[in-house]
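Summary of structural features
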Amino acid sequence: MNQREWYHTNDIPLSHVLWRMQMRGVLIDQQKLADNKVKIANQIAELDKLFLDTVGYPVNPKSHKQMTTFLYDKDKGLGLPKKFKHGTNKVTANEEALEELYYKTGKAEVKILLETRRLRTLKETFLEMKLSPDGRIRTSYGVTETGRLSSSSDLFDVGANLQNIPKRKGEWIREMFIPDPGKVWIKADLKQSDARVVAWLADDIVMKRLFNTGGDIHKQMAALIFNKTLPEITKKDREIAKAIVHATNYGMGAATFAKRANITKQLAEICIADYMRTFPNIRSVFQANVENQLRRNRTIITPFGRRRVFFDRWGDSLLREAYAYVPQSFTGDYINLVLADLEVELPKGTDLLLQVHDEICLQAFLSDVEAVKDLLRKHIERPIFVYTDYLTIPLDITTGPNWAECV
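Now for a description of the structure that goes with this document. Note that the structure is a prediction, hence the values are computed from the model and not measured.

On to the overall build of the chain. Regarding its fold elements, the chain presents 15 helices and 13 strands. For the chain, whose C-alpha radius of gyration is 23 Å, the value lies close to the compact-globule estimate of 22 Å for 407 residues. Taken over 407 residues, the chain has a buried fraction of 48%. In the chain, 61% of the contacts between residues at least 6 apart in sequence involve partners at least 24 apart. Here the chain holds 60 positive side-chain charges and 52 negative ones, and the gap between their average locations is 4 Å.

Written as structure tokens, this is what we have:
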């Protein structure tokens, strides 16, 4: 695979940085943790009471049997159309099924179960995560097939996956993550990184011009989907459009698109057609190049030189995975490959805390914040040659008293 040089040049220095981040951990605000436990327990209790008053008997959202009976049994429940796990004939009552059922029926009982399930998941996943004795939360980093990092609890089941802390519908959890006393939290985000990489891989002139002039592809897509002007686009509209832009770039079909956007399949087909008409090189260049390379030797190489062989059975699933590989891998490497050099130059007392795919978090003394910002831009915002042109991904750097309140 000719990856020996990559391993010694990139992976080994990165592993030392990640080890120090794992050992350091992140301080948790114990008071906010306690307050959040009480708050979420009260919210769950209120929803349980509301459901009981509405239906007349309780249903445990975590019980597959109780949920499927209530949702799909005509005699004992609502008798709704059954939803099945993808590719199987097994009925499911997962979050995706509940969202689709509520969208189609508008039944209050389904909405209550959906919200209760989400709150219980947040409680069990993030408010009951195991802290170290020093009051810090730690994680164990791993590496995925794309080269992006994964995150999990450690070998002793202490810590948690710190890469799936929600930004919406639970962003208050990030308020518990605080810097050490006397320091501030610094968050550095790559701006529209995956979509920007796709624009350069596709060499799509229209999309590249949009990015180069400071445009927002996700707002443009939201305006198209929801038939609004750009000033009318809400934060939620943009988040939905962002997920759809990535999925459309990676070959998602109209049916799945419709489910995620809560729109009809017909409108989803129109949106996909309009998107591909506006940015034609997504399909004719980016996706076509990936498919041709797979047919040639099933090996995809990123502009950084990372390579991956795709062994799965040929089909849409394989193609979607391959389409996503280069943008996601590129984004991870764009940050990760400079962390070792960045760490060496950071002012004394400045620490790397978290790596969350296209985002890194640090803590620093207030007097060093501007110097740290300059170093982040110096090391990360660098031009990388992508097929026909140089690509530089800009950073959005914010600071605050905790992870959630960075502005």
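Moving on from the coordinates now.
This part takes up the pattern of salt bridges. Close approach of charged atoms allows side chains with opposite charge to pair. According to the stated counting rule, one finds 28 salt bridges in the structure shown. A salt bridge links Glu100 to Lys83; the shortest N-O distance between them is 3.1 Å. One end of the pair, Glu100, is in helix α4 (residues 95-105); the other, Lys83, is in the loop between α3 (64-72) and α4, with 17 residues separating them in the sequence. Under the relative-accessibility criterion, Glu100 is labelled buried at 13%.

Counting residues in hydrophobic clusters, the biggest one holds 122 residues, and the most contacted among them are Leu71, Phe177, Phe257, Leu354, Ile360 and Leu376. In contact with Ile360, other than residues within four places in its own chain, are Ile186, Lys187, Ala188, Ile335, Leu339, Leu342, Leu352, Leu354, Gln355, Leu376 and Ile380.

Our next topic: helix α6 (residues 193-202). Taken across its 10 residues, α6 has 10 buried, putting it largely inside the fold. Listed as buried for α6 are Ser193, Asp194, Ala195, Arg196, Val197, Val198, Ala199, Trp200, Leu201 and Ala202. Of the residues one or two after α6, Asp203 is the one with positive phi, at around 50°.

Reading guide: rules and limits
Residues numbered from 1 in each chain as written. Predicted model: local features only at pLDDT ≥ 70, side-chain atom pairs only at ≥ 80, totals over all residues. Heavy atoms only, no water. Helix = DSSP H or I, 4+ residues; strand = E, 2+ residues; numbered from the N terminus. Rg over C-alpha atoms; globule rule 2.2 N^0.38 Å. Buried < 20%, exposed > 50% of the residue type's maximum accessible area, 1.4 Å probe, protein only. Contact = heavy atoms within 4.5 Å. Lys, Arg positive; Asp, Glu negative; His and termini not counted. Charge placed at Lys NZ, Arg CZ, Asp CG, Glu CD. Salt bridge = Lys/Arg side-chain N within 4 Å of Asp/Glu carboxyl O. Core = buried A, V, L, I, M, F, W, Y, C linked by side-chain atoms within 4.5 Å.

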